[in-house]
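Letter by letter, the chains look like this.
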Amino acid sequence: MFAGPFLFPKTVVVKRESCFVIRSRIRIITAVLRIRFDTLSIVSPTCVFVSKKSPFSDSGFEITCYNKSSKDFLKIFDFIRWLPAFLIEMSELLEQIKSPDDLKKLSAGQLKPLAEQIRRFIISSVSKTGGHLASNLGVVELTLALHYVFDFKTDKLLWDVGHQCYTHKIITGRQDKFAHLRQVDGLSGFPSPDESGYDQFSVGHAGTSIATAIGMALGSSHASRVTSDEPRIVAMVGDASIVNGTSFEALNNLGLVKRQLLIVLNDNSMAIDPTQGALAKYFSKVRLSHTYEDLRKTTKNIMEHLPVIGKGVEEAIARIKKGIRMVLPTSRLFESLNIPYFGPVDGHDIDSLVQLFGALAHLDRPAILHVYTKKGMGFSPAGDDPSKFHSTGPFKMNGDSVEPGAAEHSRSFTDVFGEHLAELAEKDEKIVAITSAMTDGTGLAEFRSRFADRFYDVGIAEGAAVDIAAGLAKSGLKPVVCIYSTFLQRSFDQIFQEVALQNLPVVFCIDRAGLVGSDGPTHHGLMDVGFLRMMPNMILAAPADEVEMKLALEFALSANKPVCLRYPKDVVPADISACAEPFELGKSVVVKENANSDVAIVTYGSVLTEALRAAEILAKERIAVDVINARFAAPVDKKIVMLAGDGKGIITVEDHRLACGFGSAVLEEVAAEFPGSITQPITMLGMPKEFIRHDYRNAQLMKTGVNADRIAQAVRELRR
Ligand SMILES: Cc1ncc(C[n+]2csc(CCOP(=O)(O)OP(=O)(O)O)c2C)c(N)n1
Ligand SMILES: [Mg+2]
């Protein structure tokens, strides 16, 4: 059997019974290849060649060869050697990997070409479906090396945020499902135990991997008293997520663990934007002081002294430190917490990573391996602008570059908010803005560039963001806290104690409130009304269209009380003329009124448009309805409550979970106003108490019944 490398044009390890792909970068050589292969297949009938268009380049193509004999390979490679290197590219490996066991069958030398193939696969897939691109391109080698060394059938791999798990999904048998990544019935963009036993937690929020890993390590030590075989545990965490409070609380408790637990700190100097805060500065200062040669020396040094067990570990670490001058700064940080620290090492040097993990897997205590990676590695558009490609929609490839997409015409709630906040800040210098690592996502980029000294990105630290805002409000400023609904859940207690209890004028601009589409259940914002409206002093409002987005913001900044504004990840509807009046505390807007109507549709937020469409559908059936834009969920307008007393049926509509939502608030008020005497029906439309899977946002709204047809249907049912 032939198993040696071909050194020209590329290093290829040939395996018997394998399938490989010869990929050409240009169409021009198709004919040449055909002729040669035709000739070859006559000489050797055991070879079958299939030609198809390359998914990686419009002008290229692929020829797949299914071999039966190694002699055929020799002939093929003889031929390939004859071709200029820039014309062809070998890619046989990825097709073979159906599980981590297949990965383990490869030689260490094959991991590098495999990493390249995975990168191309990810780029191609994400260009069609959208997804988190830059972070995934940065961890290909790390993920391969981890799967190569550990056995995550039994060992446990925990992801932080989880947006960087694509290589892990590819390796663990999910490659063929990437065509429907983040789409209905397709793969989730985040780890999901429903999909695979290789995923431990459904995650999407930052800062959780170290703490959950500690729990699993402690848990497995208990379990192993029975089974004796403890799984090894690895927590992968990014440089922006390790500074999150939950991560730090976990590091503070790492001493609870008296067995192996490896934390891999994936340091790329980036969150979505460049990382913020003192620790980020510290990491990047250390990073700048290293040469590539330093990283290589560190790896060598670690390898020379590991693996060791028991007391020898301390000596080994001491020797490693002595060996490398530049290791000191970051190691000091972790060692002050009594955590053995190794690194920094090159996170793209897969050979070294395999050796390092091989050694570290045998440590009998928790440790940190610090690796440097590059976000967007191997794809220059993402490498040059990792923020843009952190999470991207589909894009058109042109060779190795990206074709500029058509200009986006539709304005989102976020756009309107960002523009108007900057306009208001121009006139009122007390306005300051705070975000937790989501400047672009929350529409604050313009504010940041125009008012840099009134803008604070505090990193992934939602709790601290709210308390800093409380302090700013206490000092007489007008803080606007911009956080996605799902991440605001992290600051529940700070909102309660430091803002609501003090009745401080902090404005919460809650973006991505409602269903979010393809990010799925970790990212939907379906609980903010529930947990905020039960707090005394809190005012909750939701704009329905563009003009209301501006009016609501103006109202919030002048209320001199805590105010929460919620709006979805969506195009902002065109202005509805009835909604052009300024916001008045607790006052709704009657958008449509009919003398003959016996049903009122009462909406909260952008779902007003659907209610108006429902009214049009019903008008064709000669059914008259009132449509009321509630504007406020706390306090609820008394006029809405009195509708029940007038004998009208009420249908509430919201882009929020029904439990504790706006409709519930109306029900509570009606029950309190008319104890025991209400016979009129009230129907609530909103999200069920279920976790809603990834899909397009519109499809999710359809399925959950928050759309014009379902509203019209509810009116018909109510009138029966
Ligand atoms: C609690 C929380 N806040 C904000 C986010 C939004 N978010 C997703 S990824 C990310 C950056 C993560 O940076 P890092 O951990 O360094 O990973 P990288 O993307 O650089 O690989 C942020 C802020 C989140 N997922 N969770
Ligand atoms: Mg990072």
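Residues numbered from 1 in each chain as written. Chains lettered and ligands numbered in written order. Predicted model: local features only at pLDDT ≥ 70, side-chain atom pairs only at ≥ 80, totals over all residues.

Concerning the overall build of the protein
As a reminder, the rule being used: To qualify as a helix, a DSSP run of H or I must reach at least 4 residues; to qualify as a strand, a run of E must reach at least 2; elements of each kind are numbered from the N terminus. Whether a residue is buried, exposed or partly exposed follows from its count of other C-beta atoms within 10 Å of its own C-beta, namely 20 or more, 12 or fewer, or something in between, respectively; the C-beta atoms are built from the backbone. A residue pair is marked as a contact if its C-beta atoms, positioned from the backbone, fall within 7 Å.
Counting its secondary structure elements, the protein contains 27 helices and 25 strands. In the protein, which comprises 720 residues, the proportion classed as buried is 51%. For the protein, long-range pairs separated by at least 24 residues make up 77% of all intrachain contacts whose partners lie at least 6 apart in sequence.

Comments concerning helix 4 (residues 111-129)
Threshold: Each residue after the first adds 1.5 Å to the expected span of a helix.
Along its 19 residues, helix 4 runs 26 Å from first to last C-alpha, staying within 8% of the 27 Å computed at 1.5 Å per residue. Of all 19 residues in helix 4, 14 are buried; the element is thus mostly enclosed. Directly after helix 4, the chain includes G130, whose backbone phi takes a positive value near 80 degrees.

Topic: the nonpolar core
Put simply, the rule is: As used here, a nonpolar core is made of buried Ala, Val, Leu, Ile, Met, Phe, Trp, Tyr and Cys residues. They are joined through C-beta atoms within 7 Å.
By size, the foremost hydrophobic cluster in this structure holds 196 residues, and its most contacted members are V481, L565, I601 and A633. Counting residues per element, this core draws most heavily on helix 4, which supplies eight residues. With near-sequence residues (within four places) excluded, V481 lies in contact with I434, A465, V466, A469, V506, V507, F508 and C509.

Some remarks on the pairing of strand 22 (residues 626-629)
Rules: Two strands are counted as paired when DSSP detects at least two bridges linking them.
Because side chains alternate across strand 22, one face comprises the buried residues D626 and I628, and the other comprises V627 and N629, equally buried. Inspection of the sheet shows strand 20 (residues 589-592) paired to strand 22 by three bridges, in the antiparallel sense. Pairing of V589 across the sheet is with N629, part of strand 22. The pairing of strand 21 (residues 599-604) with strand 22 spans four bridges and is parallel. Note that in strand 22 the partner of A600 across the bridge is D626.

Topic: the site of ligand 1
Short version of the rule: Note on definitions: a residue is near a molecule or strand provided its C-beta atom, placed from the backbone, lies within 6 Å of it. The residue classification treats Ala, Val, Leu, Ile, Met, Phe, Trp, Tyr, Cys and Pro as nonpolar and Asp, Glu, Lys and Arg as charged. All others, Gly included, are polar. Reported domain spans reflect what an automatic or database domain assignment gives.
Of all residues adjacent to ligand 1, which total 23 residues, the nearest are A206, G238, A240, S241 and A437. Across the shell around ligand 1, the residue classes break down as nine nonpolar, 10 polar and four charged. Looking at which domains feed residues into the shell around ligand 1, each of domain 2 (100-381) and domain 3 (413-577) gives three or more.

Thoughts on the sheet that holds strand 7 (residues 156-159)
Counted only if it meets this: Every axis corresponds to a line fitted to the C-alpha atoms, with the helix fit spanning only the stretch in contact, and the corresponding angles, defined between N-to-C directions, vary from 0 to 180 degrees.
Spatially, 7-8-9-11-10 is the arrangement adopted by the five strands of the open sheet, whose pairing is parallel. At either margin of the open sheet sits one strand with a lone partner, and together these are strand 7 and strand 10 (341-346). On average, adjacent strands in this sheet sit at an angle of 20 degrees to one another, irrespective of strand direction. Pairing between strand 7 and strand 8 (residues 233-238): four bridges, direction parallel. When the sheet's bridge partners are listed, K156 is paired in strand 8 with I233.

Thoughts on the sheet that holds strand 17 (residues 507-511)
Read from one edge of the open sheet, seven strands run 15-14-16-17-19-18-23, paired in mixed fashion. The sheet is open, and its two borders are formed by strand 15 (455-457) and strand 23 (632-634), each paired with just one other strand. Each strand axis lies, on average, 20 degrees off the axis of its neighbour in the sheet, ignoring direction. In this structure, strand 14 (residues 431-435) lies alongside strand 16 (residues 478-484), joined through five bridges in parallel fashion. Paired with V432 across the strands is P479, a residue of strand 16. Sheet strands in contact with helix 16 (residues 413-427) are strand 14, strand 16 and strand 17, and its direction is about 145 degrees off that of strand 14. Against the sheet, helix 22 (residues 546-558) engages strand 14, strand 16, strand 17, strand 18 (539-541) and strand 19 (563-566), with an angle of about 165 degrees to strand 19.

With respect to the packing of helix 16 against helix 22
To keep it simple, the criterion reads: Reported orientations rely on four angle classes, namely roughly parallel under 35 degrees, roughly antiparallel over 145, roughly perpendicular from 65 to 115, and oblique for the rest. Crossing handedness: left-handed means the near helix sits turned counterclockwise from the far one by under a right angle, and right-handed means the same turn made clockwise.
At a minimum axis distance of 9 Å, the contact between helix 16 and helix 22 shows a crossing angle of 45 degrees. It follows from the interaxial angle that helix 16 and helix 22 lie oblique. The element helix 16 and its partner helix 22 pack so that their crossing is right-handed. Of the residues in helix 22, those touching helix 16 at F413, V416, F417, H420, L421 and L424 are E546, M549, K550, L553, E554 and L557. Looking at side-chain class alone, the contact of helix 16 with helix 22 contains eight nonpolar, one polar and three charged residues.

A word on the pairing of strand 9 (residues 261-267)
On a regular strand, one side chain projects to one face of the sheet and the next to the other, so that they alternate. Selection rule: The definition of a right-handed crossover adopted here requires that, viewed with the strands pointing away, the path from the first strand over the helix to the second runs clockwise.
For strand 9, the tally of buried residues reaches seven of seven residues, placing the bulk of the element in the interior. Across five bridges, the pairing between strand 8 and strand 9 is parallel. The partner of V234 across the bridge, within strand 9, is L262. Running through helix 9 (residues 245-251), the crossover from strand 8 to the neighbouring parallel element strand 9 is right-handed.

Notes on the packing of helix 11 (residues 292-305) against helix 14 (residues 350-360)
For the pair helix 11 and helix 14, interaxial distance at closest approach is 10 Å and the crossing angle is 35 degrees. Read as a crossing pair, helix 11 and helix 14 show a hand that is left-handed. Two secondary-structure elements touch here, helix 11 through T299, I302 and M303 and helix 14 through S352, Q355, L356 and A359. Each residue belonging to the contact of helix 11 with helix 14 can be placed in one class, and the counts come to four nonpolar, three polar and no charged.

Focus on the environment of G323
Structurally, the position occupied by G323 is in helix 12 (residues 312-323). For the pair G323 and I302, spaced 21 residues apart in sequence, the C-alpha to C-alpha distance is 9.2 Å.

Things to note about helix 12
The condition that has to hold: Arc, as used here, means the arc of the directions from the helix axis to the C-beta atoms.
Spanning 12 residues, helix 12 covers 16 Å between terminal C-alpha atoms, matching the ideal 16 Å at 1.5 Å per step. Listing the buried residues of helix 12 in full gives A316, I317 and I320. Looking down the long axis of helix 12, one finds its buried residues gathered within 100 degrees of arc, a one-sided arrangement. The exposed set on the far side of helix 12, more than 90 degrees from its buried face, consists of E314, E315, A318 and K322. For helix 12, the secondary structure elements touched by its buried residues are helix 11.

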